[in-house]
Amino acid sequence: MRKKVIAGNWKMNKVSSEAAQFVDDVVGKVPDSDQVEAIVCAPFLYLSSLVEKTKGTKVQIAAQNMHFEDNGAYTGEVSPVMLKDIGVSHVVLGHSERREYFAETDETVNKKTHAAFNHGLTPIVCVGETLEQREANETMSHVGSQVEEALRGLSDEQVTNTIIAYEPIWAIGTGKTASSEDANEVCAHIRQVIKKVTSEDIAEKVVIQYGGSVKPSNVDELLAQSDIDGALVGGASLEAESFLQLVEAGIK
Ligand code: 13P
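Residues numbered from 1 in each chain as written. Predicted model: local features only at pLDDT ≥ 70, side-chain atom pairs only at ≥ 80, totals over all residues. Heavy atoms only, no water.

A. Representation of the pairing of strand β2 (residues 36-41). Counting buried positions along β2 gives six out of six residues, so the element sits mostly inside the fold. On β2, burial covers both faces: Val36, Ala38 and Val40 on one face and Glu37, Ile39 and Cys41 on the other are all buried. Both strand β1 (residues 4-9) and β2 contribute to a ladder of six bridges, which runs parallel. Residue pairing for β2: Gly8 is matched across the bridge by Val40. For the handedness criterion, the β-α-β arrangement of β1, helix α1 (residues 16-27) and β2 is classed as right-handed. (Buried < 20%, exposed > 50% of the residue type's maximum accessible area, 1.4 Å probe, protein only. Helix = DSSP H or I, 4+ residues; strand = E, 2+ residues; numbered from the N terminus. Pairing = 2+ DSSP bridges. Right-handed = clockwise from strand over helix to strand, strands pointing away.)

If you want it as structure tokens, here you go:
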């Protein structure tokens, strides 16, 4: 059975004292279970100190983005080499907010996915459709092509270790969650796409998260679905108590 992966994406929130307090509040309480992984996706500024604070605990620390080059003249950017050097384990790639506001494309997401693996980081690759695409019945083709492009050129082992986060854009921060059945249908489609580009065996191993207004009150139903293996959570991951409830839902 696939493990559940619960990742809290803080986005551009919290000052450093709040970040530290959150981690202090959760580290001792995250369940010691092989069934669930708990990841905190924090702003770059805090990654180093949060990695130190969580050493030897069940909490892993992720970046929310990175450049695909190892180093160079890219003012303001952070490289995979730097993230690996400070002990970050995961990196969120291609979040819809980066695609929308920061010109992220399928091509750069693919380059970043390769770069993550080249440096021993686990990518959490985000895909999802707009409301217009959903209404035009383009969800499956759009999400399918985002997945194919992101995985292009990866080895079977790398695909196996990629985490995909399906986040319908219309459900992010809006309070509107996709129904569990709708979310599962798209996650199952993503698994079919992975099967097409690799094999059934690999597709069955890939962790596929759902994201978009996930909260303690709806997480159980989402995680009970056949193809939803976790959650990428924004708003409800900002409070320690609520984040812990989401992680605990992963071992039910
Ligand atoms: P919300 O949980 O706030 O809807 O955000 C989802 C998200 O974008 C996580 O990456």
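B. Local environment of a negative patch on the surface. A contiguous patch of negative charge, built from Glu181, Asp182, Glu185 and Glu221, is present on the exposed surface. With three residues, the top contributor of residues to the negative patch is helix α9 (residues 180-197). Taking the relative accessible area as the measure of exposure, Glu221 reaches 47% and is therefore partly exposed. (Patch = residues over 30% accessible without salt bridge, like charges linked within 9 Å, V, L, I, M, F, W, Y side chains within 5 Å. Areas by Shrake-Rupley, 256 points an atom, 1.4 Å probe, with all protein chains shown as cover. Salt bridge = Lys/Arg side-chain N within 4 Å of Asp/Glu carboxyl O. Lys, Arg positive; Asp, Glu negative; His and termini not counted. Charge placed at Lys NZ, Arg CZ, Asp CG, Glu CD.)

C. Seen up close, the pattern of salt bridges. Tallying each qualifying case throughout the model produces 16 salt bridges. The salt bridge involving Asp227 is made with Arg191; its shortest N-O contact spans 2.5 Å. Here Asp227 is found in the loop between α11 (216-223) and β8 (230-233), whereas its partner Arg191 is found in helix α9, with 36 residues between them in sequence. By the burial criterion, Asp227 is buried, and Arg191 matches it. Through salt bridges with shared partners, a single network forms among Arg2, Arg191, Glu204, Asp227 and Asp229.

D. Representation of the packing of aromatic side chains within the structure. As enumerated under the stated definition, the model contains four aromatic pairs in all. Each ring, one from Trp10 and one from Phe22, has its centre 5.0 Å from the other, and the planes form 80°; the classification is edge-to-face. Taken together, the positions of Trp10 in the loop between β1 and α1 and Phe22 in helix α1 put the pair twelve residues apart, joining distant regions of the chain. Take Trp10 and Phe22: they sit in the same class, and that class is buried. Plain terms: the ring middles of Phe22 and Phe243 are 5.5 Å apart, the flat faces sit at 55° to each other, and that makes the pair tilted. Taken as a pair, Phe22 in helix α1 and Phe243 in helix α12 (residues 240-249) lie far apart in primary sequence, 221 residues in all. (Phe/Tyr/Trp six-rings, centres within 6.5 Å; stacked < 30°, edge-to-face > 60°.)

E. Spatial organisation of the pairing of strand β4 (residues 90-93). Residues His90 and Val92 of β4 are buried on one face, and the alternating residues Val91 and Leu93, pointing to the opposite face, are buried as well. One ladder, built from two bridges, connects strand β3 (residues 59-63) with β4; its direction is parallel. By the bridge assignment for β4, Ala63 is matched with Val91. Between β3 and its parallel partner β4, the chain crosses via helix α3 (residues 80-86), and the hand of that crossover is right-handed.

F. View of the packing of helix α7 (residues 139-151) against α9. The contact between α7 and α9 brings their axes to 9 Å, and the two run at 45°. As far as their axial angle goes, α9 and α7 are oblique. Relative to α9, α7 is oriented so that their crossing is right-handed. On α9, the residues touching Thr139, Met140, Val143, Gly144, Val147, Glu148 and Leu151 of α7 are Glu185, Val186, His189, Ile190, Val193, Ile194, Lys196 and Val197. In terms of residue class, the contact of α7 with α9 is built from nine nonpolar, three polar and three charged. (Axes fitted to C-alpha atoms, helices over the stretch in contact; angles between N-to-C directions. Parallel < 35°, antiparallel > 145°, perpendicular 65-115°, else oblique. Left-handed = near helix turned anticlockwise from the far one by under 90°. Contact = heavy atoms within 4.5 Å. Nonpolar A, V, L, I, M, F, W, Y, C, P; charged D, E, K, R; others polar.)

G. Structural context of the site of the ligand. Taken together, 13 residues are adjacent to the ligand, and Lys11, His95, Gly173, Ser213 and Gly235 come closest. In this structure, an oxygen atom belonging to the ligand sits 2.8 Å away from a main-chain N or O atom of Gly235. Relative to its unbound accessible area of 310 Å², the ligand is 95% covered by the protein chains. (Near = heavy atom within 4 Å. Polar contact = N/O pair within 3.5 Å; in protein donor to acceptor, adjacent residues only side chain to side chain.)

By themselves these figures say nothing about function.
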